[in-house]
Amino acid sequence: MTFSELNIDQDMVQALADKGIIEPFPIQVQTIPLALSGQDIIGQAKTGTGKTLGFGLPIIQRLGLDPAPGVQVLVVVPTRELCVQVSEDLETASSNRNTKVVSIYGGKAYEGQIEALKAGAQIVVGTPGRLLDLASQRLLSLANVSEMVLDEADKMLDLGFLADIEKLFSQTPSTRHTMLFSATMPGPIVALARRFMNRPIHIRATDPDEGLMQANIEHLVYRAHNMDKDEVIGRILMAEGRGKTVIFTRTKRAAAKLVEELGDRGFNATAVHGDLNQEQRERAMASFKAGKKDILIATDVAARGIDVDDVTHVINHTIPEDEKAYLHRVGRTGRAGKTGIAVTFVDWDDMHKWTLINNALDFGTPVPMETYSSSPHLYTDLNIPAGSKGRLRASPIRETAASAARTGGAGRTGGAGRTGGAGRSDSARSGAGHSGDQTGSRPPRSRTRVSPTTNPDAPTAGTTASTHDGGGAEHHDGNSAPRRRSRTRRHAPQAGTPS
DNA sequence: AAAAAAG
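Notes on the structure follow.

Each value, and the rule that gives it
- Sequence order as written defines residue numbering, which begins from 1 separately in each chain.
- Both sets of labels track the order of writing: A upward for chains, 1 upward for ligands.
- Under the rules for a predicted model, residues below a pLDDT of 70 receive no local features and side-chain atom pairs below 80 are neither given nor counted, while totals for whole chains, interfaces and linings still include all residues.
- The side-chain values count all of the structure's non-hydrogen atoms but skip hydrogen atoms and water molecules.
- Only a single heavy atom is needed: when it lies within 4 Å of a molecule or strand, its residue is near that molecule or strand.
- Here a polar contact is recorded for every N or O atom pair within 3.5 Å, except that within protein the pair must consist of a potential hydrogen donor and a potential acceptor, and residues adjacent in sequence are included only if both atoms are side-chain atoms.
- Counting from the N terminus, the helices are the DSSP runs of H or I reaching at least four residues and the strands are the DSSP runs of E reaching at least two.
- Under this grouping Gly is polar, as are all residues other than the nonpolar Ala, Val, Leu, Ile, Met, Phe, Trp, Tyr, Cys and Pro and the charged Asp, Glu, Lys and Arg.
- Residue exposure (1.4 Å probe, protein chains only): buried if accessible area is under 20% of the type maximum, exposed if over 50%, otherwise partly exposed.
- Only heavy atoms enter the contact rule, under which two residues are in contact if any of them lie within 4.5 Å.

Some words on the protein's contact with DNA strand B
Inspection of the region around DNA strand B gives 22 residues, with Tyr110, Arg130, Thr251, Lys252 and Gly274 positioned closest. A breakdown of the atoms of DNA strand B within 4 Å of the protein gives sugar and phosphate a share of 80%. One of the side-chain nitrogen or oxygen atoms of Arg281 is found 2.9 Å away from a phosphate oxygen of DNA strand B. Those elements giving two or more residues to the surface near DNA strand B turn out to be α6 (128-136) and α8 (159-170). Of all the elements, α6 adds the most residues to the surface near DNA strand B, at 3 residues. Tallied by class, residues from the surface near DNA strand B come to 4 nonpolar, 10 polar and 8 charged.

Things to note about the side chain of Arg281
Among the structural elements, Arg281 can be located in helix α12 (residues 278-290). With a relative accessible area of 7%, Arg281 lands in the buried category. Dropping the residues within four chain positions of it, Arg281 is found in contact with Arg80, Glu81, Val272, His273, Gly274, Leu276 and Val301.

Here we look at the environment of Glu152
Relative to the helices and strands, Glu152 resides in the loop between β5 (147-151) and α7 (153-156). Between the C-alpha atom of Glu152 and that of Met185, which follows or precedes it by 33 residues, the distance is 9.0 Å. Not counting residues up to four positions away in its chain, the partners in contact with Glu152 are Pro78, Leu82, Phe181, Ser182, Arg304, Gly305 and His328.

Shown next as structure tokens:
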């Protein structure tokens, strides 16, 4: 399948090809023909599988090659960084035609945004606050919007955003074409969404028996009590083969503290969260994307949509609030067919949250919660005293952690790294183990291993669709979370889990 | 309950 076969205009096919984008993803194959025909769509697909172009190409094409000036497309997103990214993607796709894209978001000077609107930009990508701000000042008119998209739609229709979104909808013509996209679409949100849509079709670009969790992400979960978390994270950051890494914290303060701590330890880390000014935020994102920094410490501001190549690890310094947040966070890795590793630390007070997440999502095989021991022997192969700071120089340890999880070994994991990682057949590290720069700034390496948590027999593509015709919603996905792949698995609490 | 989103 090609974009041409999907009836995408040649100028866009060329613009994509120039960026190395040749073959459409399943969600694009499913949505593009319907979207081109003006069908309202609720599009659900796994993280990192091309939702942005799934709605981007059709809306650009429906504007025509040389559209009249003035705002005709409105794309609303939940964060400023995602706003920048989506604008860039749409700009890339439309680079060979006379269409102008403007991004409208807060924390930034009004000037440029207002000028771009006055210059006749047709496509607006924005965050709710600034959009309404400019609209109320009569600097932005939504009266001629014919295409409206909510990206991360379940988030946009959540309580924190809903009132603003309703206002935006009310300022656009009711005849508009409306599309909603996200990896997660809880049933109640789908029902709510229908108020703003005209007989939408719900597309789930995944096998009906499959959830929406990426299968090519390996999940490791550790109890965090009695643990020097910073130290253990430091060890994971020195894993052989680690590329870019995103570390999520629960609070802005924790993110600020951790970036200091890791900086002290010689890591190449930067942070993005709401306590930073917009310039700092954008500088952090740019240096992470460019690879100048290989560790990004973030609050949930970066949990959704952010697309950075070669993120090999996501670390949940604090467990996310619910299964949706977990899915979006870990979805920063394992994108566009690549593999990824997600490490989650579970604090004592949060043990129940892991149970909820584990039950709501489907990991293919159960994910055991392990103890990543903080015993001093773990540090002996690092040649540093436990708890000391300073630049760590270590043998690879990712396999140490992973094999502990696989073999169910609680406790003495320290020697595994030296002996070659019991039970791992994929490791090339025995030879490469002690070489190379260990400061955390080396370039990412490609990984070919298939996650052991993946069921290789599970189908990976396919689509189910159902129309919303105003009737009951119970014949389609009413779940608040991706569906379980296996009904047989019931979670016995892991040993040591409070029950 | 935190974070996000206007200033």
